[in-house]
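Coordinate analysis (summary)
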Amino acid sequence: MAKRVMILATEGFEQSELEQPRAILEDEGVTVMVVSPQSGSIRGWKDNDWGRAVTVDLPLEEAESADFDALMLPGGQINPDLLRLEPAAIAMVRSFCDEGKPVAAICHAPWLLAEAGVLKGRTVTGWPSIRTDLRNAGAEVLDREVVVDGNLITSRKPDDIEAFTQALVAALAEERETA
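A brief structural summary. Small disclaimer: the values here were computed from a predicted structure and weren't measured. (Residues numbered from 1 in each chain as written. Predicted model: local features only at pLDDT ≥ 70, side-chain atom pairs only at ≥ 80, totals over all residues. Heavy atoms only, no water.)

Taking 1.5 Å of rise per residue, twelve residues should cover 16 Å, and helix H3 (residues 87-98) covers 16 Å from first to last C-alpha, within 8% of that figure. By the burial criterion, the buried members of H3 are Ala89, Ile90, Met92, Val93, Phe96 and Cys97. Viewed end-on, H3 has its buried residues packed into an arc of 155 degrees, placing them on one side of the element. For H3, the exposed residues set more than 90 degrees away from the buried face come down to Pro87 and Asp98. (Helix = DSSP H or I, 4+ residues; strand = E, 2+ residues; numbered from the N terminus. Expected span 1.5 Å × (residues − 1). Buried < 20%, exposed > 50% of the residue type's maximum accessible area, 1.4 Å probe, protein only. Arc of directions from axis to C-beta.)

Where like charges cluster on the molecular surface, the negative patch consists of Glu26, Asp27, Glu28 and Asp57. Along the chain, Glu26 turns up in helix H1 (residues 15-27). By relative accessible area, which is 42% here, Glu26 ends up partly exposed. (Patch = residues over 30% accessible without salt bridge, like charges linked within 9 Å, V, L, I, M, F, W, Y side chains within 5 Å. Areas by Shrake-Rupley, 256 points an atom, 1.4 Å probe, with all protein chains shown as cover. Salt bridge = Lys/Arg side-chain N within 4 Å of Asp/Glu carboxyl O. Lys, Arg positive; Asp, Glu negative; His and termini not counted. Charge placed at Lys NZ, Arg CZ, Asp CG, Glu CD.)

What follows concerns the environment of Trp127. Tracing the backbone through its elements, the reader meets Trp127 in the loop between strand E9 (123-124) and helix H5 (131-136). A relative accessible area of 32% places Trp127 in the partly exposed class. Not counting the four nearest positions on each side in its chain, Trp127 is found in contact with Cys107, His108, Arg156 and Lys157. (Contact = heavy atoms within 4.5 Å.)

Moving on to the nonpolar core. Counting residues in each nonpolar core, the largest one holds 32 residues, and the members touching the most others are Met6, Leu8, Leu71, Leu73, Val93, Val103 and Leu113. Elements with a contribution of two residues or more to this core: strand E1 (4-8), strand E3 (31-36), strand E7 (70-73), H3, strand E8 (103-106) and helix H4 (110-115). A per-element tally of this core places H3 first, with six residues. If we skip the residues at most four places from it in the chain, Val93 touches Leu8, Leu71, Leu73, Leu112, Leu113 and Ala116. (Core = buried A, V, L, I, M, F, W, Y, C linked by side-chain atoms within 4.5 Å.)

Where strand E4 (residues 41-46) lies against strand E5 (residues 49-55), five bridges are found, and the strand directions are antiparallel. Paired with Lys46 across the strands is Asp49, a residue of E5. If you look at the hairpin formed by E4 and E5, you'll find two residues sitting between the two strands, and Asp47 has a positive phi there, around 50 degrees. (Pairing = 2+ DSSP bridges.)

Tallied over the full model, the rule gives eight salt bridges. Here Glu19 and Arg52 are joined by a salt bridge, their closest N and O atoms 2.3 Å apart. Note that Glu19 is positioned in helix H1 and Arg52 in strand E5, a separation of 33 residues in sequence. Judged by relative accessible area, Arg52 falls into the partly exposed class, the value being 45%. Close ionic contact of Arg122 with Asp149 constitutes a salt bridge, the shortest N to O distance being 3.5 Å. With Arg122 in the loop between H4 and E9 and Asp149 in strand E11 (residues 147-149), this residue pair connects regions lying 27 residues apart in the sequence. Connected through salt bridges with shared partners, the residues Arg131, Asp143, Arg156 and Asp160 form a single ionic network.

A positive phi is found at Asn48, a non-glycine position, where the angle reads about 65 degrees. Mapped onto the fold, Asn48 is located in the loop between E4 and E5. Residue classification places Asn48 among the exposed residues on the basis of a relative accessible area of 72%. Phi is positive for Cys107, which is not a glycine, with a value near 70 degrees.

If you want it as structure tokens, here you go:
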């Protein structure tokens, strides 16, 4: 059975951190759906300006974690900052974590993990400006291209996309073996 990954995003996602992992996952045969509190489309952020729009496949209000095998959270400063103010987005992150499913967050996206209250005693990484927030949420923070702690996969920046996505692919493959 094919794996399904939810990408939870809204306006201002880092263009490369949504599009590149999505392409890699799709090349691996994974079904990827963009879920957002907004309907229609959302705009990315690229090179200090608005980037391309991405179609929203499913509104957040209709999405269920039970229908997916993993959650991917792209960064950018705007996207996770807006999402952490959305109770339904935080509930979705918490739901994936409670179910023990892989949750992959890159750049500023670990802010959502902090907001969801799932970092106490965990080891993660993220963009340098949010590392204090991650520590304050109870995490040990490392400066590595990818950190895997159980079901949590975190990375620092766009340069880490390949390692980040390969860690998610590996987590999905591991899930397949144990299912």
